[in-house]
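# Descriptive analysis of the structure
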Amino acid sequence: MSGIPASATGGTGRAPVTGAKPSAAGAAGSGGAASAGSAVGAVVVRQASLWNIANILTMVRLVLVPAFVLLLLADGGYDPIWRAWAWAAFAVAMITDIFDGHLARTYDLVTDFGKIADPIADKAIMAAGLICLSGLGDLSWWVTGVILFRELGITLMRFWVIRHGVIPASRGGKMKTLAQGTAVGMYVLALTGPLATFRWWVMAVAVVLTVVTGLDYVRQAIVLRRAGLAAERDAG
């Protein structure tokens, strides 16, 4: 079954008595061409998968970062209307984070790009919000420092071990992102009274999850790197 029509072989499709070797060679060549074509097709599919809907939503979230900052700092950063619009932009970014992960898992759109770009997009919008809020005096700088130190450290660690494998976002990491998003979103809004007190406790939970999941990622990175180095030694 070479996949070549009978008319292309110049007959009824039955193997000729003479010239068997050229036919075999031709079949081998056809098989090689088919294999090469399949390989090219596979490459094309892998390249096209970069532009799937999950990755596009991640890119949209990155684009929302500067828009969010401009809205939050508009008119000095204390106008409740502008801050409400900033919250809306922030909420859209958080919602796209939920949908891109769901789409990637449901429709098998998970890519190495997505595994890396998704947490980076989360960190970018979160860092922008934390820095702006601290700059406006709404949030203590030590809170921003702890969260950003963890996020930057984990991002660098991901690249440190990337040749051994990719550390995907864990369930704990998603819980941390949800807690951070809820807390930052509440701080972006001009809340007063009991809600202002409640958001402090939400941020406290976010800080605890940030530290705990950060330590877990460090553990995963060490295990992954050791396994990778061991595999390299065995291969050598």
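In what follows, the accompanying structure is described. Everything quoted here is computed from the prediction, not taken from an experiment. (Residues numbered from 1 in each chain as written. Predicted model: local features only at pLDDT ≥ 70, side-chain atom pairs only at ≥ 80, totals over all residues. Heavy atoms only, no water.)

### A closer look at the overall build of the protein chain
- Helix and strand counts for the protein chain come out as seven helices and zero strands.
- When burial is assessed residue by residue, the protein chain has 36% of its 236 residues classed as buried.
- Considering only intrachain contacts with a sequence separation of at least 6, the fraction spanning at least 24 residues in the protein chain is 75%. (Helix = DSSP H or I, 4+ residues; strand = E, 2+ residues; numbered from the N terminus. Buried < 20%, exposed > 50% of the residue type's maximum accessible area, 1.4 Å probe, protein only. Contact = heavy atoms within 4.5 Å.)

### Overview of helix α6 (residues 171–188)
- Taking 1.5 Å per residue as the helical rise, α6 with its 18 residues ought to reach 26 Å, and the 25 Å between its terminal C-alpha atoms agrees with that figure.
- Those residues of α6 that sit buried are Gly-173, Lys-176, Thr-177, Ala-179, Gln-180, Gly-181, Ala-183, Val-184, Gly-185, Met-186, Tyr-187 and Val-188.
- Buried-residue contacts for α6 involve α2 (53–73), α3 (80–106), α4 (112–135), α5 (141–160) and α7 (194–235). (Expected span 1.5 Å × (residues − 1).)

### Some remarks on a nonpolar patch on the surface
- A cluster of nonpolar side chains, contributed by Leu-50, Trp-51, Ile-53, Ile-56, Val-60 and Phe-113, occupies part of the molecular surface with about 510 Å² of accessible area.
- At three residues, α2 tops the list of elements feeding residues into the nonpolar patch.
- Positionally, Trp-51 belongs in the loop between α1 (20–48) and α2. (Patch = residues over 30% accessible without salt bridge, like charges linked within 9 Å, V, L, I, M, F, W, Y side chains within 5 Å. Areas by Shrake-Rupley, 256 points an atom, 1.4 Å probe, with all protein chains shown as cover. Salt bridge = Lys/Arg side-chain N within 4 Å of Asp/Glu carboxyl O.)

### A look at the environment of Asp-138
- With respect to the element layout, Asp-138 can be found in the loop between α4 and α5.
- Distance from Asp-138 to Val-188, taken between C-alpha atoms, is 8.7 Å for residues 50 residues apart in sequence.
- Ignoring any residue separated from it by four or fewer positions in sequence, one finds Asp-138 in contact with Arg-83, Leu-133 and Tyr-187.
- Of the polar contacts made by the side chain of Asp-138, one reaches the side chain of Arg-83; its length is 2.8 Å. (Polar contact = N/O pair within 3.5 Å; in protein donor to acceptor, adjacent residues only side chain to side chain.)

### Thoughts on the packing of aromatic side chains
- Taken as a whole and assessed by the stated rule, the structure comprises two aromatic pairs.
- Look at Trp-200 and Trp-201: their rings are 4.9 Å apart centre to centre, the planes differ by 85°, and that puts the pair in the edge-to-face class.
- Using a relative accessible area of 53% as the deciding quantity, one classes Trp-201 as exposed. (Phe/Tyr/Trp six-rings, centres within 6.5 Å; stacked < 30°, edge-to-face > 60°.)

### Let's talk about the layout of surface pockets
- In this structure, the second largest pocket occupies an estimated 330 Å³ of space.
- Partitioning the lining of the second largest pocket into residue classes produces seven nonpolar, six polar and six charged. (1 Å grid on protein atoms, 1.4 Å probe; cavity = no way out; pocket = protein on both sides within 12 Å on 5 of 7 lines; lining within 4 Å. Points joined across faces, edges and corners; volume = space filled by probe spheres on them. Nonpolar A, V, L, I, M, F, W, Y, C, P; charged D, E, K, R; others polar.)

### Quick look at the packing of α2 against α3
- The contact between α2 and α3 brings their axes to 9 Å, and the two run at 165°. When the axis of α2 is compared with that of α3, the two are roughly antiparallel. Note on packing geometry: the crossing formed by α2 with α3 is left-handed.
- Class assignment for the residues of the contact of α2 with α3 results in 17 nonpolar, two polar and four charged. (Axes fitted to C-alpha atoms, helices over the stretch in contact; angles between N-to-C directions. Parallel < 35°, antiparallel > 145°, perpendicular 65-115°, else oblique. Left-handed = near helix turned anticlockwise from the far one by under 90°.)

### Notes on the side chain of Asp-79
- Structurally, Asp-79 is set in the loop between α2 and α3.
- Despite being buried, Asp-79 has no salt bridge partner; Arg-83 is the closest side chain of opposite charge, sitting 8.7 Å away.
- Reaching out from Asp-79, the side chain makes a polar contact with the backbone nitrogen of Ile-81 at a distance of 2.8 Å. (Lys, Arg positive; Asp, Glu negative; His and termini not counted.)

### So, the environment of Ile-131
- Inspection of the secondary structure puts Ile-131 in helix α4.
- Using a relative accessible area of 42% as the deciding quantity, one classes Ile-131 as partly exposed.
- Taking the C-alpha atoms as reference points, Ile-131 and Gly-145, 14 residues apart in sequence, are found 9.0 Å from one another.
- Among all residues touching Ile-131, those that are not within four sequence positions of it are Trp-141, Thr-144 and Leu-148.

### Section: the packing of α6 against α7
- Where α6 contacts α7, the two axes come as close as 8 Å, and the packing angle between them is 150°. Judged by the inter-axis angle, α6 sits roughly antiparallel to α7. The hand of the α6/α7 crossing is left-handed. Each of Gly-172, Gly-173, Met-175, Lys-176, Ala-179, Gln-180, Thr-182, Ala-183, Val-184, Met-186 and Tyr-187 in α6 lies in contact with α7, whose residues at this interface are Leu-195, Phe-198, Arg-199, Trp-200, Val-202, Met-203, Ala-206, Leu-209, Thr-210, Thr-213 and Tyr-217.
- A per-class count over the contact of α6 with α7 returns 14 nonpolar, six polar and two charged.

### Regarding the side chain of Thr-96
- Relative to the helices and strands, Thr-96 resides in helix α3.
- A polar atom in the side chain of Thr-96 sits 2.7 Å from the backbone oxygen of Ala-93.
- Those residues in contact with Thr-96 that sit more than four places away from it in its chain are Leu-57 and Arg-61.

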